[in-house]
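Residues per chain, in single letters:
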Amino acid sequence: MGVTRINQSIKAAVTPDRFFKALMLDSHNLCPKLMFSSIKSIEFLQGDGDVGTIKQLNLTEASPYKYVKFRIDALDKENLMCKYTMIEGDALNDKLEYITHEVKFERYGTRGCLCKVSSEYKAKEGVEIKEEDIELGKDRAIGMYEVVEAYLLAHPQAYT
């Protein structure tokens, strides 16, 4: 029953505040519109978006998973940081108790952003997590970031 920690950095050509607003504060509106082939909806089950909020991400039939519930554990709008935990859903399968992601958005260059993502994968009793078990989720997250970045570049007034 161990914890696997993964750190990754994602560079984007948009400012940190715009990227943070789009991905962390308004993902429930933006992501289903941009990724309609994989994300059906994101619903608030409890709370209004602040710490303690529980959301459910509902996926389309094209996804191998149906849904994921996650809880916002920390939200710092001034320092552009969000920490959230996936607490339920078939994406956790029979191997994981939870997955926690802490995302920090920092300035990179003159108009860019560096997203630093620290993730913890908590395995269930007797289960060993391997790097390849985590790769699919990492690839999907990077894909989501790239789609949102492309949207923000095409719509320079959005989330200003």
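All residue numbers refer to positions counted from 1 along the written sequence of the respective chain. Only residues with pLDDT of 70 or above have their local features reported here, since the model is predicted, and side-chain atom pairs are shown and tallied only from 80 upward, although totals for entire chains, interfaces and linings are computed over all residues. For the side-chain quantities, the full set of heavy atoms in the structure was used; hydrogens and water were omitted.

Some remarks on the pairing of strand 7 (residues 112-123)
- Burial analysis of strand 7 places 9 of its 12 residues in the buried class, which makes it a mostly covered element.
- Two strands pair when backbone bridges link them, and strand 6 (residues 96-108) and strand 7 are joined in this way by 12 bridges, in the antiparallel orientation. Bridge pairing in strand 7 places Glu 102 opposite Ser 118.
- Between strand 6 and strand 7, which pair antiparallel one after the other, the connecting turn spans 3 residues, and Gly 109 there sits at a positive phi close to 70°. Partly exposed residues are those whose accessible area sits between 20% and 50% of the maximum for their type, while under 20% is buried and over 50% is exposed, using a 1.4 Å probe and protein chains only. Secondary structure elements are defined from DSSP: runs of H or I of at least 4 residues count as helices, runs of E of at least 2 residues count as strands, and each element is numbered from the N terminus. A pair of strands is labelled paired if DSSP reports no fewer than 2 bridges between them.

With respect to the pattern of salt bridges
- Salt-bridge detection follows one rule: a side-chain nitrogen of Lys or Arg within 4 Å of a carboxyl oxygen of Asp or Glu. Within the structure shown, the criterion is met by 7 salt bridges.
- For Glu 88, the salt bridge identified is with Lys 69, shortest N-O distance 3.4 Å. One end of the pair, Glu 88, is in strand 5 (residues 81-89); the other, Lys 69, is in strand 4 (residues 67-76), with 19 residues separating them in the sequence.
- A residue is classified by how much of its surface remains accessible, and Glu 88, at 33% relative accessible area, is partly exposed.

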